[in-house]
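One letter stands for each residue in the lines below.
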2 protein chains.
Amino acid sequence: MSKFAPVRFVDVHLEGQFWRERLDTVLARTIPSQHVQLGRHGILESLTLPNPPPPLRFPRNDHDFTVQVFWDSDVGKWIEAASYALSHRRDADIEAKIEKIVDDLEKAQAPDGYLNCWYLQREPENRWTNMRDNHELYNLGHLIEGGIAYFLATERRRLLDILERYVEHVRATFGPNAGQKRGYCGHQEIELALIRLYHLTGERKHLDLAAYFIDERGRQPHYFDQEAAARGDDPRDFWAKSYEYNQSHRPVREQDKVVGHAVRAMYMYSAMADLAAELHDDSLKRACEVLWADVMSSKIYITSGLGPAAANEGFTEDYDLPNDTAYAETCASVALIFWAQRMLHLDLDGKYADVLEQALFNNALGGLSRDGEHYFYSNPLDSDGRHSRWAWHTCPCCTMNASRLVASVGGYFVSHSDEAIAFHLYGGISTEVALKSGKVGLREVSSYPWSGDIRIEVSPESPAEFALKLRIPGWAHGAKASVNGEPVATELSTVKGYLTVLRRWQAGDVVDLHLPMPAERIYAHPSVRMDIGRVALKRGPLVYCVEETDNPGGPVQRLRLPRQSHVEVRQRGDLFDGVVMLAAEATRLQDDGWGDRLYRTEPPAEDPVKLAALPYYLWNNREKGSMTVWLVEK
Amino acid sequence: MSKFAPVRFVDVHLEGQFWRERLDTVLARTIPSQHVQLGRHGILESLTLPNPPPPLRFPRNDHDFTVQVFWDSDVGKWIEAASYALSHRRDADIEAKIEKIVDDLEKAQAPDGYLNCWYLQREPENRWTNMRDNHELYNLGHLIEGGIAYFLATERRRLLDILERYVEHVRATFGPNAGQKRGYCGHQEIELALIRLYHLTGERKHLDLAAYFIDERGRQPHYFDQEAAARGDDPRDFWAKSYEYNQSHRPVREQDKVVGHAVRAMYMYSAMADLAAELHDDSLKRACEVLWADVMSSKIYITSGLGPAAANEGFTEDYDLPNDTAYAETCASVALIFWAQRMLHLDLDGKYADVLEQALFNNALGGLSRDGEHYFYSNPLDSDGRHSRWAWHTCPCCTMNASRLVASVGGYFVSHSDEAIAFHLYGGISTEVALKSGKVGLREVSSYPWSGDIRIEVSPESPAEFALKLRIPGWAHGAKASVNGEPVATELSTVKGYLTVLRRWQAGDVVDLHLPMPAERIYAHPSVRMDIGRVALKRGPLVYCVEETDNPGGPVQRLRLPRQSHVEVRQRGDLFDGVVMLAAEATRLQDDGWGDRLYRTEPPAEDPVKLAALPYYLWNNREKGSMTVWLVEK
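Owing to the predicted nature of the structure, the values given are computational and were not obtained by experimental measurement. (Residues numbered from 1 in each chain as written. Chains lettered and ligands numbered in written order. Predicted model: local features only at pLDDT ≥ 70, side-chain atom pairs only at ≥ 80, totals over all residues. Heavy atoms only, no water.)

1. Let's talk about the sheet that holds strand S13 (residues 486-488) of chain A
Residue and element names in this part refer to chain A.
- Reading across the sheet, the seven strands line up as S2-S8-S9-S10-S16-S12-S13 and stay open at both edges, with antiparallel pairing between neighbours. Two strands close off the open sheet at either side, each with one partner strand: strand S2 (13-14) and S13.
- Sheet topology places S2 next to strand S8 (residues 429-435); two bridges connect them, and they run antiparallel. Within the sheet, the bridge partner assigned to Leu 14 lies in S8 and is Ile 429. (Pairing = 2+ DSSP bridges. Helix = DSSP H or I, 4+ residues; strand = E, 2+ residues; numbered from the N terminus.)

2. A word on the sheet that holds strand S15 (residues 498-505) of chain A
All names here are of chain A.
- The strand order across the open sheet formed by six strands is S1-S6-S7-S11-S15-S14, and the pairing between neighbours is mixed. The sheet is open, and its two edges are formed by strand S1 (5-6) and strand S14 (494-495), each paired on a single side.
- Pairing geometry for strand S7 (residues 420-423) and strand S11 (residues 464-471), over four bridges, is parallel. Paired with Phe 423 across the strands is Leu 470, a residue of S11.

3. Examining the interface of chain B and chain A
- Every contact between the two is made by 48 residues of chain B and, on the other side, 48 residues of chain A.
- Of the roughly 3,800 Å² buried where chain B meets chain A, counting both sides, 59% is carbon and sulfur surface.
- The three residues of chain B that bury the most area against chain A are B:Arg529, B:Leu598 and B:Tyr599, which together make up 20% of that side's buried surface.
- Inspection of the chain B/chain A interface yields six salt bridges.
- For B:Asp324, the salt bridge is made with A:Arg529, and the minimal N-O distance between the two is 3.4 Å.
- Secondary structure elements with two or more residues in the side of chain B that touches chain A: helix H11 (282-298), strand S17 (519-524), strand S23 (599-600) and strand S26 (631-633) of chain B.
- It is S17(B) that provides the largest number of residues to the side of chain B that touches chain A, a total of five residues.
- Residues that form the side of chain B that touches chain A fall into these classes: 20 nonpolar, eight polar and 20 charged. (Contact = heavy atoms within 4.5 Å. Buried area = accessible area lost by both parts, 1.4 Å probe. Salt bridge = Lys/Arg side-chain N within 4 Å of Asp/Glu carboxyl O. Nonpolar A, V, L, I, M, F, W, Y, C, P; charged D, E, K, R; others polar.)

4. Topic: the state of the cysteines
Residues and elements named next belong to chain B.
- Taken as a whole, this structure holds zero disulfides over all chains when the rule is applied.
- Cys 397 forms no disulfide, and the closest cysteine sulfur to it belongs to Cys 395, at a distance of 3.5 Å.
- For the unlinked cysteine Cys 398, the closest cysteine sulfur is that of Cys 331, found at 3.4 Å. (Disulfide = S-S within 2.5 Å.)

5. Some points on the confidence of the model for chain A
- Looking at chain A, pLDDT values average 96 and 98% of them are 70 or higher.
- Interface predicted TM-score (ipTM) for the complex: 0.95; the corresponding pTM is 0.92. (pLDDT = per-residue confidence, 0-100.)

6. Examining the domain arrangement of chain A
All names here are of chain A.
- According to the domain assignment, chain A consists of domain 1 (41-58 + 66-238), domain 2 (255-409), domain 3 (414-514) and domain 4 (519-633).
- Taking only C-alpha atoms into account, the centre of domain 1 sits 22 Å from that of domain 2.
- Counting residues at the interface gives 34 residues for domain 1 and 26 residues for domain 2.
- Across the domain 1/domain 2 interface, buried area totals approximately 2,400 Å², and carbon plus sulfur atoms make up 69% of it.
- At the junction of domain 1 with domain 2, the criterion picks out two salt bridges.
- One salt bridge in this structure joins Glu 145 and Arg 404, with 3.1 Å as the shortest N-O distance.
- Counting the contacts that link domain 1 with domain 2 gives six residue pairs in polar contact (both at pLDDT 80 or more).
- Looking at the side of domain 1 that touches domain 2, the elements with two or more residues in it are helix H2 (71-88), helix H5 (136-154), helix H7 (190-201) and helix H8 (204-216). (Domains from an automatic or database assignment. Polar contact = N/O pair within 3.5 Å; in protein donor to acceptor, adjacent residues only side chain to side chain.)

7. Digging into the packing of aromatic side chains
- Tallying each qualifying case throughout the model produces 66 aromatic pairs over all chains.
- Here the aromatic rings of A:Phe238 and A:Trp239 are separated by 6.1 Å at their centres, their planes lie at 65°, and the arrangement is edge-to-face.
- Among the residues examined, A:Phe238 registers a relative accessible area of 2% and is labelled buried.
- Residue class for A:Trp239 comes out partly exposed when judged on its relative accessible area of 47%.
- Here B:Phe238 and B:Tyr243 contribute two aromatic rings whose centre-to-centre distance is 5.5 Å and whose plane-to-plane angle is 35°, an arrangement assigned as tilted. Judged on exposure class, the residue B:Phe238 and its partner B:Tyr243 are both buried.
- Aromatic ring contacts, followed pair by pair, group A:Phe18, A:Trp19, A:Phe361, A:Phe423, A:Tyr426, A:Tyr448, A:Trp450, A:Trp475 and A:Tyr617 into a single cluster.
- Positioned above the aromatic ring of A:Trp505, the side-chain terminus of A:Arg503 is 5.2 Å from the ring centre. (Phe/Tyr/Trp six-rings, centres within 6.5 Å; stacked < 30°, edge-to-face > 60°. Buried < 20%, exposed > 50% of the residue type's maximum accessible area, 1.4 Å probe, protein only. Lys NZ or Arg CZ within 6 Å of the ring centre and 35° of its normal.)

8. So, the pattern of salt bridges
- Per the stated rule, a full pass over the model turns up 124 salt bridges over all chains.
- In this structure, the salt-bridge partner of B:Arg158 is B:Asp103, at a minimum N-O distance of 2.8 Å. Here B:Arg158, found in helix H6 (residues 158-173), pairs with B:Asp103, found in helix H3 (residues 92-108); they are 55 residues apart in sequence, far enough to count as distant.
- Residue B:Asp384 is joined to B:Arg386 by a salt bridge in which the shortest nitrogen-to-oxygen separation is 2.4 Å.
- Looking at B:Asp384, the relative accessible area reads 30%, which means it is partly exposed.
- Members of the salt-bridge network, linked through shared partners, are A:Glu21, A:Arg22, A:Arg370 and A:Asp577.

9. Thoughts on the relation of the copies chain B and chain A
- It takes a turn of 180° to lay chain B on chain A, together with a shift of 0.1 Å along the axis; the resulting RMSD is 0.1 Å. As the rotation angle and translation indicate, the two copies are arranged about a two-fold axis. In terms of C-alpha distance to the rotation axis, chain B has B:Lys634 as its closest residue, with the C-alpha 2.9 Å off the axis.
- When the interface residues of chain B are mapped onto chain A, 100% of them are again interface residues, pointing to one common binding face. (Least-squares fit on C-alpha atoms with pLDDT ≥ 70 in both.)

Okay, structure coming up:
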């Protein structure tokens, strides 16, 4: 197994405009506004115990809100995102807000360590009676991630102490021994959080508990059956009908199809990959590989959206990828990034980084508006213009997944082992890594993803031999590299998507990498029936869409792109903070001459138009209107 | 207003093979098997009072069944269909079965006339407390239609007597006077049934009660609000959110958009058209015309399916006509036929007959299998092969709508006034009509819809002048007619879709009508975004589809039809009882060379294939497989 480990985001300085803008927006706008929204919607209040709880449904700001069992997790995720922000720059106001939350949690915590505000406030006697539906361990998982991030940013460990007490309670409650529950959470998350706690503390017991939850999942007799019976419920009355919904339909090592709720699946696979690495567990690794192959071959949108269906927020049949009703939850793509990063560090294989990048630049980034204060929960690939980002959501999970991702995005760029450095992403960063041979300063300069021209300055503190591995994305054909102007045999030296340059490096060495970025037409497998006769446009890692505001004159669904039409690349410095658009000669169906007819024997007339396409992640940041990714080809 | 009235189905003898086969199948198989299913699913049993009622959900034949508040209506509809069968040929066994039902209903009827088996058995104290949801008057409406049909077939009036007593109870219960409820049914149907009762009995009070229900609907204060409050419910908790669902969102004359549950809408518009005719109510006629224009211009499938959405079993937005998820309930198309026939008799305008025919030959006929014992509830225009007709349904409404339609289809062919005869449909019938000038025998000979060559023999008992009106369908271009071999100036003499031949007719006169029936390509309005870049095939009134069994080699969604490809007409005497198929040179997307990729830059290769298309109504009668109506054009 590779021993590459990611360089932490705090050690990676984002210098390129692309990520600088996103990070600044998240720090300046998203994180403060999310705290306001958590307050406005009663979520912060729900931590203040004892307190008469609000009714389960209450009107606020012209909407009906429902108190959610998973609100603790949203607070945890906000602490995590805010703490990543603090790692970039300390902020007394944000810290005071977190401290207030920690005060509340400290007061709320039961003497035995239990800490779930929903249950403590409403049904203290019913804790741990409905693991299937009620998210208690999921909430703890997100709080742990928040506590770790806050500790790393500030070295304040009060929150971590609270949560470690809670973890001890959980450890006492769950397990194989007499008097313990052989349960696990209906919504996976605690597993990967416990592994992070293990990474922080080095305490093996956290890893073991994570492994216990993963190993126990899906065993017979089924815990959720027993638990339902103990509540006096008929287990068959489970609304989702099948335990595929929460991936507990069979033991995880026997799972070979990606099913059910997409976010739960991705969080679980992330933990499985973590455990595979930590425990050298090949059966878990193999299960992950089989599941990876399944989702990638038949269940992922071109934007890396996952889970077509709203009904289960998840997966359906192979190749069922409807565009207008695509659920493709933002959280699922963020969680896919987590999983992909873990798979990448099991095997340094560019196929994982390709997906990581694809998810990052498309479905995940699209979840957050340009102004940093609006969010897509679902990410359709086709819209009649009625979709737009929410200022908030009854289930605000995606909001903090967007902010915690961007606030820590630097952590996805570079990894290193003792003798090698690997670049996964590009876009303008600087960092320093410690190899066995000594420290190496790195500076990567590019305007990626707008350009594939990348320069990397390699500055070891003293000359040293090590391997520099540069990811050559799967979409990049004919990549060229040179070291200090001397060409490298790029193709020969590229294995599994990484170009390896092994040499004795010295300060001042410069690597130039050229990744060709022509506009490309992408076609879906013919089994994706929704996309037959259709084409998508892509350049580099970016999937494009056509949006009505750039293509005025009616719904963009009426555009047809001739197969032979040349797709041009157009710099647009005036749009957003500079963007590369695509353009092509196309036609637009006219709607005149129809009278009141809905059907007729003559095809609609078509006008020639110049089609303009925008990166998908940027859609819905200007005037509302129709949008589509998959254009009708002619 | 025109004074045309339809010739009753009992007086129209179906001689052509097309309808003869359907009618024979329905008489021999559908109606007896439906009685078996009504018994097997506890529906007949539910009429037997007093009886301990079964639990609301019970397992039977490997399915869970839910006792439905509308089961009385299914019995009513079966009696209606079975009685139409008896009008064709008496059958002691069927009559005994109906008599048994009448016995049960007679015993079940409350002393005050009330007769709803669900309420009488379960919640007698709650009758008339939830008109919004619980179908009491809807049930009565269908029972009335059954009672009328049974009386007309057998002259037995016991069922009618029972129902008339019930109607008197309803009349006492509902109305504007003190102590009466100003209510109406959430599921319209009673209105058109009461008008049929008026037609049978001549008793004006039935017409008045129908008019009352129509006039009261949607008035403020809203009855369903008041009724919910009286039950102690919050009216805002109505699951469907809006009274558009049952078309009570505003008074009917103020409705100008077709909304909500499609079957309810169509039954209501049918009653409105009836009342417009009976009461010479121009405001109702205008409302019908506006609603007709709305649905026809933006809300009807090419197959005449209505209501795209399962969620409300009904209408959504203009031009929202998804193909694979099309709900397009069989009942809605049958009800559209009712409405269209009524509109046609308000104004003899071929546009109504065109829709009637389109609904009949496509969505409605498709609801019933070739074997006469399987049913489509929803009628998608695209299927991956998972759809197939049901042997029965928890909500069996569509099954008896199919059988009662086919058993009475003769009633849609011919109308007459005092001085004129109008042919609306063709397909081989004979009948006799009584004009002021005397009786006229008519025999129409054709293999319509397979051929547009039609011969009509006109045989007045003595020579007489009258107008013969022959419908020239909207799809027929270049129709030609002759009388005794002498050409008629067809185009000049055709007004609003009817060719009028006014002459002195005598026995032995023969009219020949030639309706050209080329294969046609049909395009949808560009606002129907699902059909952009797609084409449908049609010939005469029949919409075609491609089905996998005729196009083996993978999903038919992978077929592409070049725009310039000639569509051939092919007689297939060997298939079913003879059918005209269409064929064209096309291509099929290959799926080889993809490996495990879901997306790639090269378009899928295409193989040349000969595409074979079958009339839509016939699909899913052989091997299961994929099907589509809208082909990708290239």
